[in-house]
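# Notes for the structure review
Single-letter residue listing:
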Amino acid sequence: MTTPIYRYLWAADPAVGQISAGRLIQGRYEVVSPQIWRDTQPEQPPYILEELPDEIIPYLRLFPQRLHVPEVHGWAVLGDEPETALVALLENVPIDADGDLYPSIVEAWTGASATRQVYWLWQILQLWTPLSEQGVASSLLFADNIRVQGWRVWLRQLYGDGMGEEITSEQLTFLTPTLKDLGSCWMQLSQAAAAPVAAQLQAIALQMTNDEVELEAIATQLNHLLLLQSAQLPLRIHVAGATDTGPQRATNEDACYPTASDLQDATTQPHDLLIPHLTLVCDGIGGHEGGEVASSLALQTIKLQLRALLLEIAEQTEIVPPKLITDQLAAIVRIANNLISNQNDAQGRESRARMGTTLVMGLQLPQKIRFANGEELGNAHELYIVTVGDSRAYWITADYCQQLTIDDDVATREVRLGRSIYREALTRADGGALTQALGTRDAQQLHPVMQRFIVEEDGLLLLCSDGLSDRFLVEQSWKDYAKPVLKGKLSLDAAVQSWINLANEQNGHDNTSVVLSCYFVSEEPPALFDPKQVETTIQSPNTRLQSELTAASRALLYDESVAMQKQEPTASPGRRNLLTLLGVLAFLVIVGVGGYALWLTSKPQNFPQLQPAAPSAPQ
């Protein structure tokens, strides 16, 4: 597999901050500024210890939090034998393209909107439990260590609890960090918060300094405040999607939603709850009449159940908490999994022959927010991302591209288990082998990844199969699309097709699906679909690169120990078996109704009626 390239690294030992700028370490790492080094040979593997030290294990186990937590790049050796010293180097750190740290939360605080201020604190609170479990919660108590890139909170490095070492000119690390310590840190921020939220944040921070306060109670209040603020922002959503067989495949095992035909159908069904709120990409596994059936079955089943869920949520009179939403989404995904798995069993499919599919789904939940004075706002800007497998989601603005998801593959598994750093795990022959997909095993062994975001800036949500994401095509090409789309110079349809063309030319070994949503919270977004507007299509390079098709890139673990390959479709297209297709269509209808009934019986009878924090009237 191709290894991601990070030009700038963070040297985790404060002692190296004394090394003068311009010095070259080991003939490779150029010191740019205190603790910021530039890798002059990023394509070369770094030095990696055979036995991983205990202090870097938290980085590995927190890999699912890679949006907020750095990763271990390798080590640099300082000095000459026998007096040498090892310095851990971190990548995926909050350093911009010019080699400068992104601002600390304190530096950016006063210039941020009320919504963003609350959102930053919400993210910190969500990190509190996983970091506490790994003994590094102290990392959240030092303002200079908490950096921000737009909406995102991003830690510079991890600090162990109870080490008693001096980190900065601030305090020493806390022996056993508590919520009370976090509340004390938040008191300073809340006093400088934006007027609409200052009083509420101060009250929340004060409660946190109470020894008897529980994390869940604070999370509930902070979530209410966040949704009350975000709901006051405008939100306009445009969406486009398409799927393509590609130049080397005989059939298309991908499925995505919505496509052009779905959007056309929506014009005749204006009350369809799914458009533009639901986007979905499935990459089928199992070959012709296997993978394509699994991906279509997953898509249709999930759509049916989400309509019911959206209707249920629309009837609620109180805010539905994120935990309950993610529980319902997980139940929906597991139902889809079991429908595919049951179809495998009915057809006698075993091991490699079992069909399955990856899943990446975006659900912009239009939850209503009701104020104490009776006023109602129709959308709280929540965005839920659900993933199984290696199809991906990216958030893209005019300034940055952020991968929101991590792949369910062997490399990720090895890192999360603390066995290997990610860069080393990627070099395994089976590093890209999938560890889970819908339909290959019983739902009890399925662990879909759920994430919740708040849309509070103009941006693009990109969902895609690995036909596009392989070889970091998104990371290399996003700048060509973000600004033109956000400025109204390129339509979503043109951007989708251009990305598919790029995937076919530079990858080409697989089907490609791309679904692109444009979210606007600005007051006057450009007219993206003005028919008088001149549309510019990005031209893809003419040079077709050799595809790096490996067994691992198409592998799937059907059990916990054996990696199996995705079955390739036959070379000749052949004619589709009409009877098989008719049977599949009939099965879709049956399991769709059955899935809906199963969801109704498995979901809670009623959503809990929460008592929100007393909201203030909108400004």
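Residues numbered from 1 in each chain as written. Predicted model: local features only at pLDDT ≥ 70, side-chain atom pairs only at ≥ 80, totals over all residues. Heavy atoms only, no water.

If you check an unreviewed UniProt entry, the chain appears there as Protein serine/threonine phosphatase from Microseira wollei NIES-4236.

### Things to note about the overall build of the chain
Of regular secondary structure, the chain possesses 16 helices and 23 strands. Of the contacts formed within the chain by residues at least 6 apart in sequence, a portion of 73% connects residues at least 24 apart. Of the roughly 26000 Å² of accessible surface on the chain, a fraction of 50% belongs to carbon and sulfur atoms. (Helix = DSSP H or I, 4+ residues; strand = E, 2+ residues; numbered from the N terminus. Contact = heavy atoms within 4.5 Å. Areas by Shrake-Rupley, 256 points an atom, 1.4 Å probe, with all protein chains shown as cover.)

### Quick word on helix H4 (residues 179-191)
The terminal C-alpha atoms of H4 lie 18 Å apart, and with 13 residues this matches the ideal 18 Å at 1.5 Å per residue to within 8%. Here H4 has its buried residues at Leu179, Asp181, Leu182, Gly183, Trp186, Leu189 and Ser190. (Expected span 1.5 Å × (residues − 1). Buried < 20%, exposed > 50% of the residue type's maximum accessible area, 1.4 Å probe, protein only.)

### Examining the pairing of strand S11 (residues 278-285)
Burial analysis of S11 places 8 of its 8 residues in the buried class, the great majority of the element. Burial along S11 is two-sided: the face carrying Leu278, Leu280, Cys282 and Gly284 and the face carrying Thr279, Val281, Asp283 and Ile285 are both buried. As paired elements, strand S10 (residues 254-257) and S11 share 4 bridges and run antiparallel to each other. Considered in S11, the bridge of Asp254 is made with Asp283. In terms of strand pairing, S11 meets strand S13 (residues 359-365) through 4 bridges, oriented antiparallel. Directly across from Val281, in S13, lies its bridge partner Val360. (Pairing = 2+ DSSP bridges.)

### Overview of the pattern of salt bridges
Oppositely charged side chains can pair when the atoms bearing their charge come close. Enumeration according to the criterion identifies 21 salt bridges in this entry. Between Arg147 and Glu107 there is a salt bridge, with the nearest N and O atoms lying 3.8 Å from each other. One end of the pair, Arg147, is in strand S7 (residues 146-149); the other, Glu107, is in helix H2 (residues 105-109), with 40 residues separating them in the sequence. Here Arg307 and Asp272 are joined by a salt bridge, their closest N and O atoms 3.4 Å apart. Here the residue Arg307 occupies a position in helix H8 (residues 291-314), and Asp272 occupies one in the loop between helix H7 (260-268) and S11, the gap between them amounting to 35 residues. Look at Asp272 and you get buried, because its relative accessible area is 16%. (Salt bridge = Lys/Arg side-chain N within 4 Å of Asp/Glu carboxyl O.)

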